[in-house]
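Residue strings, one per chain:
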Amino acid sequence: MANTGYLLMSISKKLKYNLNHALTDLNITLQQWSVLQQLAHFSQTANQVTANDLAMILDMDKPTISAIIKRLTAKNFIYKTKNSHDSRAFDLFLSPAGTDICARAMVISDAVLNQFMAQLSITEKDSLNQILQKLDREDLQ
């Protein structure tokens, strides 16, 4: 029997590789896509988000999130404004181009995931999602 932890890491690695490769058509990386996706989520909830917030949510260190934000700003996918509560922080937002690229990346992400999961039946997909959600709720620390 294969080690469950190894299988989870192996599958995660394959899925990340496939998605990262597919996103090259949009000239973004998987990490950039994760930041854009979070900004899209926060724009829908009308909540403000800073680089520190994103670093915590995405489990990235500050230099990594800072570099990603610089790249996305240079591509005109995001913009920042001064945070009203902390003069050292900036609130981050998707630009119209960022909103467009985010929507296009979502289509690619969905296609990659559908292709990746194609060999599973509907029942198996539902079961897998339920199991993963149950494990995701557990505090493993």
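Whatever comes next refers back to the structure up there.
We now turn to the structure provided with this report. Position numbers for residues start from 1 in each chain and track the written sequence from start to end. Under the rules for a predicted model, residues below a pLDDT of 70 receive no local features and side-chain atom pairs below 80 are neither given nor counted, while totals for whole chains, interfaces and linings still include all residues. Side-chain measures here rest on the full set of heavy atoms in the structure, leaving out hydrogens and waters.

**Looking at the overall build of the protein chain**
This is how the line gets drawn: Elements are defined by DSSP. Helices are runs of H or I of four residues or more, strands are runs of E of two residues or more, and each kind is numbered from the N terminus. Each residue is placed in one exposure class: buried if its accessible area under a 1.4 Å probe, protein chains only, is under 20% of its type's maximum, exposed if it is over 50%, and partly exposed if it falls in between. Throughout, a contact is declared for two residues whenever any of their heavy atoms are within 4.5 Å.
Within the protein chain, the regular secondary structure consists of six helices and two strands. Walking the protein chain from its N terminus toward its C terminus, one meets helices and strands in the order α-α-α-α-β-β-α-α. If you line up the protein chain on its principal axes, its C-alpha atoms span 55 × 35 × 25 Å. A total of 141 residues make up the protein chain; the buried ones form 28% of that total. Considering only contacts within the protein chain whose residues lie at least 6 apart along the sequence, 51% involve residues at least 24 apart.

**Observations concerning the packing of aromatic side chains**
Using the following cut-off: Stacked, edge-to-face and tilted are the three classes for Phe, Tyr and Trp ring pairs, Trp counted by its six-membered ring, which pair at centre distances within 6.5 Å; planes under 30 degrees apart are stacked, over 60 edge-to-face, the rest tilted. Throughout this description, the term charge over a ring refers to an Arg CZ or Lys NZ atom that lies within 6 Å of the ring centre and within 35 degrees of the ring normal.
Counted under the stated rule, the structure contains one aromatic pair. When the centroid spacing of 5.4 Å and the interplanar angle of 25° are considered together, the rings of Tyr79 and Phe93 count as stacked. Highlighted residues: Tyr79 in strand β1 (residues 78-82) and Phe93 in strand β2 (residues 90-94), separated in sequence by 14 residues. Its end group placed over the ring of Phe90, Lys80 keeps NZ or CZ at 5.2 Å from the ring centre.

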